[in-house]
Amino acid sequence: MRDIAEVVSRLRARLETPERAPVLAEILAKKQRLPPRHAAVLVALFERDAQAHMLFIRRASTLRSHSGEIAFPGGSIDAIDASPVMAALREAQEEVGLHPPLVEVLGVLPPVFTQVSNFLITPVVACLPQGLGTLQAQASEVAEIILASLDGLADPLIVHTEEWMRDGEPHTIYFYDYGSYRIWGATARILNALLELLVP
């Protein structure tokens, strides 16, 4: 989990191609009772202190939904976005100032549906070979930029699951307690899917 080159190589081999993203999203969308809203997030990996790290944000407390939660940069797929990848890149630039030319897209994870907000989220996984550049949080949406080591996130001691009932159906909820941060919900599901791909 520490060697960024090994992490990137493994993900390249195991992720879905970006071109598959709309197909995967449509399959999941058809299973929902209501037409979902579509979103994309950027799961960005980079090297820091000779270790693989991931970029997260803490959402502003003033936001109407998911306020104060840990998330990946991202948001709704708008009409101006040619693809989920373009939406993730645009949102990451708007929220944290991540310059798109620094981003090398590796592929996509299976989409995640959030029943509470009716969003279908496509996770776009990327690496930043040249590093993060200079980041600047958009104060109206982002309270904090969080740089977390992949090795620390993969520590089995920080994760636990709970079974929650929703509409009479059990759902496994993941929780990652990384330092003072609690990662849960859709972000934790995406993180769990990524970590599973990295298991040898």
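This structure is a prediction, so every number in the text was calculated from the model and none was measured.

**Structural notes on the environment of Arg189**
Mapping Arg189 onto the fold places it in helix H5 (residues 185-197). Apart from residues lying up to four places away in sequence, Arg189 is in contact with Val112, Phe113, Thr114 and Tyr174.

**A word on the side chain of Asn192**
Here Asn192 shows up in helix H5. If sequence neighbours within four positions are ignored, Asn192 has contacts with Tyr174 and Tyr176.

**A look at the side chain of Asn118**
Mapping Asn118 onto the fold places it in the loop between strand E6 (112-114) and strand E7 (119-127). Of note is the side chain of Asn118, whose polar atom sits 3.1 Å from the backbone oxygen of Pro35. Not counting the four nearest positions on each side in its chain, Asn118 is found in contact with Leu34, Pro35, Pro36, Arg37 and Phe113.

**Quick notes on the packing of aromatic side chains**
One pass over the structure, following the stated rule, counts four aromatic pairs. Between Trp164 and Phe175, the aromatic rings sit 6.1 Å apart at their centres with planes inclined by 55 degrees, giving tilted as the arrangement. A residue pair is termed long-range when its members are at least 10 positions apart, and Trp164 in strand E9 (residues 159-166) and Phe175 in strand E10 (residues 169-178) qualify at 11 residues. Overall, Trp164 belongs to the partly exposed group, its relative accessible area being 33%. Both rings, one in Phe175 and one in Trp184, keep their centres 5.9 Å apart while their planes meet at 5 degrees; by these two values the pair is stacked.

**Examining the sheet that holds E10**
Here we have three strands laid out as an open sheet, ordered E9-E10-E11, and antiparallel in their pairing. Edge positions in the open sheet fall to E9 and strand E11 (181-184), since each of these has one partner strand only. Here the strands of the sheet are splayed against their neighbours by 30 degrees on average, with no regard to which way each runs. By the bridge criterion, four bridges tie E10 to E11 in an arrangement that is antiparallel. Bridged to Phe175 within E11 is Trp184. Most of the contacts of H5 go to E10, to which it runs at about 80 degrees, and overall it touches E10 and E11.

**Here we look at the environment of Pro73**
For Pro73, the location among the structural elements is in the loop between strand E3 (70-71) and strand E4 (74-76). Exposure remark for Pro73: the relative accessible area of 0% places this residue in the buried category. Through-space distance from the C-alpha of Pro73 to that of Val142 is 9.0 Å; in sequence the pair is 69 residues apart. Not counting the four nearest positions on each side in its chain, Pro73 is found in contact with Ala40, Val41, Leu42, Leu55, Ile57, Ala92 and Glu95.

The rules behind these values
- Residues numbered from 1 in each chain as written.
- Predicted model: local features only at pLDDT ≥ 70, side-chain atom pairs only at ≥ 80, totals over all residues.
- Heavy atoms only, no water.
- Helix = DSSP H or I, 4+ residues; strand = E, 2+ residues; numbered from the N terminus.
- Contact = heavy atoms within 4.5 Å.
- Polar contact = N/O pair within 3.5 Å; in protein donor to acceptor, adjacent residues only side chain to side chain.
- Phe/Tyr/Trp six-rings, centres within 6.5 Å; stacked < 30°, edge-to-face > 60°.
- Buried < 20%, exposed > 50% of the residue type's maximum accessible area, 1.4 Å probe, protein only.
- Pairing = 2+ DSSP bridges.
- Axes fitted to C-alpha atoms, helices over the stretch in contact; angles between N-to-C directions.

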